[in-house]
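A structural walkthrough
Residues per chain, in single letters:
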Amino acid sequence: MTASPELGTPQLASPDLLRSVFRQHAAGVAVITAQGENPVGFTATSLNSVAAEPPLISFGVGASSSSWPVIARAEHIGVHILGEHQRDLAATFARSGADRFAPPTSWRPGPEGVPVLDGVLAWLVCRIINRVPAGDHRIVIAEAVVGDPAGAGRPLLYHQGRFNSLRE
């Protein structure tokens, strides 16, 4: 490898390098939910729109996460786009060992029994169509079944390891 003054000093690929690079990538914040014996959910910044026809989304989930065993068996999941007013909610669903559905989290059973969070910018209930192994994660591909895009506010972003607001 040769150093370039415009690019800095290249580093060999590693988990730390990947994390450092993606700290520079601002991402929207979503919460993924599913219903098992108890509801589960986690904060995700890996949410992607995959296709419009049929309407497909994808996201990554750690195979060792507490949510994975439920998502591995679930037929449907909830996708919630968080607003800048929901930093605490994002932190709750990102925290390991937290009772994510206890107050002050406001939610209700939605279509297909999926937990739907209140006050979000938008939500979807999706039918899982595939789970793809990807290293220590699984990529979940799901088809939108029903949703609501009508929430008010501005999106919550994740950048440099923090939840942030969108600036003009």
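So, how was this worked out
- Residues numbered from 1 in each chain as written.
- Predicted model: local features only at pLDDT ≥ 70, side-chain atom pairs only at ≥ 80, totals over all residues.
- Heavy atoms only, no water.
- Salt bridge = Lys/Arg side-chain N within 4 Å of Asp/Glu carboxyl O.
- Helix = DSSP H or I, 4+ residues; strand = E, 2+ residues; numbered from the N terminus.
- Buried < 20%, exposed > 50% of the residue type's maximum accessible area, 1.4 Å probe, protein only.

A short note on the pattern of salt bridges
The tally for this structure, following the rule as stated, stands at four salt bridges. Close ionic contact of D16 with R19 constitutes a salt bridge, the shortest N to O distance being 2.8 Å. Pair noted here: D16 and R19 are both in helix α1 (residues 15-23), with a separation of three residues, about one helical turn. Overall, R19 belongs to the partly exposed group, its relative accessible area being 45%. Across the pair D118 and R108 runs a salt bridge whose closest N-O atoms are separated by 3.3 Å.

So, unusual backbone geometry
Peptide bonds are mostly trans, and most non-glycine residues show a negative phi. Across the junction of E53 and P54, the peptide omega takes the value -5°, indicating a cis bond. Inspection of the secondary structure puts P54 in the loop between β4 (48-51) and β5 (56-62). Of the consecutive residues P103 and P104, the connecting peptide bond is found in the cis state with omega at 15°. In this fold, P104 is placed in the loop between α3 (87-94) and β7 (107-109). With a phi angle near 60°, E112 is a residue other than glycine that sits in the positive phi range. Its location among the elements puts E112 in the loop between β7 and β8 (115-117). With a phi angle near 55°, Q160 is a residue other than glycine that sits in the positive phi range. Mapped onto the elements, Q160 comes out in the loop between β11 (156-159) and β12 (162-165).

By themselves, these observations are geometric and do not establish any function.
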